[in-house]
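# Architecture and fold: a report
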Amino acid sequence: MTIQHPSWLDHAIFYQIYPQSFYDTNGDGIGDLKGIIQKLPYLKGVGFNAIWISPFFASTFFDAGYDVCDYKKVAPRYGTNQDAYALFKAAHKLGMKVILDFVPGHTSIYHPWFKASCLDKKNPYTDRYIWSDRIMPPDPETHWVSGISERTGSYMVNFFSIQPALNYGFAEVQHPWEQRPTDPGPQSTIKDMIDVLLFWLSQGADGFRCDCAATLVKRDSDKKETAKVWQKMIGACKEKYPDCVFISEWSNAKQSLSGGFDIDFVLAGDTGYPLCRGENPYFRFDAATKEFDSWWANRSSDFAFADQKGKFVSFTSGNHDVNRIRASLSEEEIRYYYLFLLTVKNVPFFYYGDEIGMNDETGIPSIEGAYGRQVARSPMQWDESKTAGFSSSHKTYIKIPSIAERKGISVVAESSKKDSLLNYVKGLIAFKNLHPALDNDAVMKFHPVKDAMPLVYERSKGNEKLLVAFNLGHEPKRIALHGYQGNILFSLGSAPKITDKTILLAPHSAVVVA
Ligand code: NOJ
Ligand code: CA
């Protein structure tokens with residue numbers, strides 16, 4: 001099979017940084033790019049070799065930066081463009097990659113493109129957004145806003161009212177104001193977006209996580225037109241920067257990888273079965289249900305598709321839109337999920353703070369459009385001090401939970417505790433790096449699941465072959481040894497009993513054997 005992705009993805013382990021909450025170096029109470037630079041050695045020390053930074057561009061911050069005002073400028077609160085370039089350099093020096101958050105679907109209403117598109121007089125931005133020629137009545141499917149422009153009409157919104165949808169056209173045109181993806185308006189949007197992408201790549205960025213990637217072209221049920229837009233944008237970047245990487249917030253590998261993405265996120269919520277969060281997550285002891293079998297059967301066709309294309313899917317520990325993994329799983333259960341995350345075929349992503357088991361922080365009022373998502377956006381807990389080592393200021397942009405609430409969950413506290421979650425993550429990454437069969441691109445053979453448990457897969461690369469098995473239920477499970485020697489390389493819970501033909505997995509246990 002030809003390799004269709006940049007080879008650095010075979011060993012990449014990503015860490016997502018939510019910049020406002022990561023580390024503040026100038027004492028203004030909000031995280032900054034210099035803070036990320038300072039913490040790179042920590043990340044590298046744990047074993048992360050790639051970071052994704054949530055949007056750090058000039059913004060109105062009505063949606064935490066997903067409402068961009070200038071795609072080519074760093075928001076002053078985070079520093080300067082020079083800081084971003086220095087960050088790319090510092091990361092590369094450590095052998096790490098940096099991917100940015102690209103928000104192509106919408107801007108802020110304060111973006112100059114949008115301001116120009118509000119004018120009555122025709123101008124180059126008249127068709128940059130989706131405008132109707134009338135005041136739109138309430139519509140259950142689409143969200144329209146009017147009343148802030150001299151131009152007569154309403155603009156279509158993607159998420160919040162301040163996020164007007166950029167115009168990539170309609171796959172099926174039904175109204176006079178709708179354009180085809182090939183019309184000049186949508187084509188000029190694409191052209192300017194390619195310019196943005198090439199700008200950051202030329203400065204040293206290694207790629208992009210692409211926000212709302214599936215919904216660029218409207219009324220595009222099979223997503224074929226949206227995929228074409230991506231082929232164009234990604235194609236233009238890969239032509240000049242073949243090693244750059246594109247990761248989609250899409251959760252449908254068949255569609256997104258056809259658009260040219262290297263990786264598609266498997267996000268709970270979008271894709272059905274919750275693995276590690278919510279009411280009944282698979283990785284909670286004794287909680288796995290039979291629904292998992294059909295969920296996995298569906299997903300495995302996505303994995304097969306990714307394999308066939310020489311591309312990937314990505315599982316995550318969490319992100320800035322969902323509750324913390326620790327809110328759904330015990331610290332012990334989290335270890336099982338991380339074993340899965342680092343041994344199943346994928347490019348793994350960790351959300352900041354999940355390596356130390358930070359929990360949901362309730363009671364913090366919503367800021368920057370977080371609402372229910374606020375719980376997972378609290379400042380990184382570096383140490384046990386009052387400001388958690390996040391800032392030298394006590395006036396932080398967001399309230400820091402009390403020391404009692406944090407209960408010793410910090411980088412400092414966990415570094416000194418041998419069996420801490422942080423040291424477990426470090427050890428697990430080191431274990432993964434020792435075994436070529438656990439490289440992200442190593443072949444995976446998944447054993448069909450029956451009645452949710454056990455979960456068994458094999459990984460292989462070169463001469464190495466490993467079998468990974470989980471039993472998260474309360475009854476012992478016996479599985480065939482499938483010709484493996486039965487050498488236990490890694491285990492969680494009570495050690496399994498191995499005979500020459502079978503492995504007997506104790507309740508709540510997991511094992512990697514050669
Ligand atoms: C998905 C992002 O992850 C989320 O934080 C944001 O609010 C929406 N897209 C809109 O851009
Ligand atoms: Ca700062």
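Let me sum up the structure you'll find in this document. From a predicted model like this one, the values you see are computed outputs, not experimental measurements. (Residues numbered from 1 in each chain as written. Chains lettered and ligands numbered in written order. Predicted model: local features only at pLDDT ≥ 70, side-chain atom pairs only at ≥ 80, totals over all residues. Heavy atoms only, no water.)

### Details of helix α7 (residues 291-309)
To keep things clear, this is the line we draw: Strands are runs of DSSP state E lasting at least 2 residues, helices are runs of H or I lasting at least 4, and numbering of each runs from the N terminus. One fewer than the residue count of a helix, multiplied by 1.5 Å, yields its expected span. Only protein chains enter the accessibility calculation, which uses a 1.4 Å probe; a residue is then buried when its area is under 20% of its type maximum, exposed when over 50%, and partly exposed in between. In what follows, a contact means two residues having at least one pair of non-hydrogen atoms within 4.5 Å.
Over its 19 residues, α7 extends 28 Å from the first C-alpha to the last, a length consistent with the 27 Å expected when each residue adds 1.5 Å. All buried positions along α7 are accounted for by Phe 292, Asp 293, Trp 295, Trp 296, Arg 299, Asp 302, Phe 303, Phe 305 and Ala 306. Tucked inside the fold, the buried residues of α7 contact α6 (253-258), β11 (312-314), α8 (331-341), β13 (443-446) and β14 (455-461). In the segment just after α7, Gly 310 is the residue with positive phi, at about 70 degrees.

### Description of the nonpolar core
Rules: Put simply, a nonpolar core is a bunch of buried Ala, Val, Leu, Ile, Met, Phe, Trp, Tyr and Cys residues held in one set by side-chain atoms that sit within 4.5 Å of each other.
Counting 155 residues, the largest nonpolar core has Trp 200 and Phe 315 as its most contacted members. Here the element with the most residues in this core is helix α4 (residues 184-203); it accounts for eight residues. Leu 467, Tyr 484, Val 511 and Val 513 belong to the second largest nonpolar core, which has ten residues in total.

### Focus on the pattern of salt bridges
How we decide: What counts as a salt bridge is simple: a side-chain nitrogen of Lys or Arg found within 4 Å of a carboxyl oxygen of Asp or Glu.
On inspection of all chains with the given rule, the structure shows 27 salt bridges. Between Lys 238 and Asp 262 there is a salt bridge, and its shortest N-O distance comes to 2.7 Å. Of the two residues, Lys 238 sits in helix α5 (residues 224-240) while Asp 262 sits in the loop between α6 and β10 (263-265), which places them 24 residues apart along the sequence. Residue classification places Asp 262 among the buried residues on the basis of a relative accessible area of 0%. Salt bridges linked by common partners bring Asp 63, Asp 321, Arg 373 and Arg 377 together as one network.

### A few points about the coordination of the calcium ion (ligand 2)
Stated precisely, the cut-off is as follows: Note that water is not among the atoms considered, so a metal site may appear incomplete; the donors listed are N, O and S atoms within 2.8 Å of the metal, with 3.2 Å applied to Na, K and Ca.
Every protein donor of the calcium ion (ligand 2) is accounted for by Asp 24 (OD), Asn 26 (OD1), Asp 28 (OD), Ile 30 (O) and Asp 32 (OD), and the metal-donor separations fall at 2.3 to 2.4 Å. Between the donor residues of the calcium ion (ligand 2), the gaps in sequence give the motif D-x1-N-x1-D-x1-I-x1-D. The exposure classification of Asp 24 matches that of Asp 32, with both residues buried.

### Focus: the pairing of strand β19 (residues 502-505)
Our working rule: In this scheme, strands are said to pair when DSSP sees at least two bridges between them.
Relative to β19, strand β16 (residues 477-480) runs antiparallel, the two sharing four bridges. Across the sheet, residue Ala 480 finds its bridge partner in β19, namely Thr 502. Relative to β19, strand β18 (residues 497-498) is paired through two bridges, and the arrangement is antiparallel. What sits directly across from Lys 497, in β19, is Leu 504.

As far as function goes, none of this settles anything; it's purely spatial.
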